[in-house]
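# Working through the structure, step by step
Residue strings, one per chain:
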Amino acid sequence: MMKDNAVPFNIVDRAKKLVDQYIAKTQDEQDNKYDVTLFIMATGSILSYLDTLEQLPMDLPNIPSSITSGGKNNHKEICKHLRNAIAHSHINVLGKEDGPIEKINLKDYNDGDRTKPCNYELEISVKDFKAFFDALYSYANKVIKT
């Protein structure tokens, strides 16, 4: 039951605002570890929210082609795999030890069993992951407003 003065919590807008505020304050590309962590967490939140609503996108315009590599072109299926990878912490980051994170590797395993081969893997640049986040945010924002 909602109290009279309660305001609905819009996780989609808050995730985007948090990312934008953080990026505006930090422009140090040599230490982007917090940026990448924030993108991953915000993306996971939005994907989980959309999955709960059963509104994962069938088509997500303006996403980088690297998202659809590996033969997976169904955006809803890709989003489901990414949600699972993030939710179950099947994430690795790639880059030089003392430098910025260059790529993110996400894996989804059947039933979360890491002893079996993964059924989906994506290795994506930080720039392309940010572009995916932006496209996902635009889609989720439209879902909320309908």
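Whatever comes next refers back to the structure up there.
Before going into details, it helps to say that this report is about the structure given with it. (Residues numbered from 1 in each chain as written. Predicted model: local features only at pLDDT ≥ 70, side-chain atom pairs only at ≥ 80, totals over all residues. Heavy atoms only, no water.)

Moving on to the nonpolar core. Residues I46, L50, L60, L82, L106 and F132 are the most contacted members of the largest nonpolar core, which totals 36 residues. Setting aside its immediate chain neighbours within four residues, I46 contacts V12, A15, F133, L136 and A140. (Core = buried A, V, L, I, M, F, W, Y, C linked by side-chain atoms within 4.5 Å. Buried < 20%, exposed > 50% of the residue type's maximum accessible area, 1.4 Å probe, protein only. Contact = heavy atoms within 4.5 Å.)

Across all of its chains, the model carries two aromatic pairs by this definition. Seen from their ring centres, F39 and F133 are 6.1 Å apart, and the 50° between their planes marks the pair as tilted. Here the residue F39 occupies a position in helix α2 (residues 33-52), and F133 occupies one in helix α4 (residues 126-145), the gap between them amounting to 94 residues. Each member of the pair, F39 together with F133, is buried. Look at F129 and F132: their rings are 6.3 Å apart centre to centre, the planes differ by 45°, and that puts the pair in the tilted class. Of this pair, F129 and F132 are both found in helix α4, three residues apart, which corresponds to roughly one turn of the helix. (Phe/Tyr/Trp six-rings, centres within 6.5 Å; stacked < 30°, edge-to-face > 60°. Helix = DSSP H or I, 4+ residues; strand = E, 2+ residues; numbered from the N terminus.)

Moving on to the pattern of salt bridges. This model, assessed by the stated rule, comprises seven salt bridges. Between D134 and K16 there is a salt bridge, with the nearest N and O atoms lying 3.3 Å from each other. Here the residue D134 occupies a position in helix α4, and K16 occupies one in helix α1 (residues 11-25), the gap between them amounting to 118 residues. The class of D134 is partly exposed, set by a relative accessible area of 25%. (Salt bridge = Lys/Arg side-chain N within 4 Å of Asp/Glu carboxyl O.)

Bringing the pairing of strand β2 (residues 101-109) into the picture now. Here five bridges tie strand β1 (residues 91-95) to β2, and the two strands are oriented antiparallel to one another. Residue pairing for β2: G95 is matched across the bridge by I101. Counted between consecutive antiparallel strands, the loop separating β1 from β2 contains five residues. Two strands pair when backbone bridges link them, and β2 and strand β3 (residues 118-125) are joined in this way by seven bridges, in the antiparallel orientation. Within β3, the position partnered with D108 by the bridge is Y120. (Pairing = 2+ DSSP bridges.)

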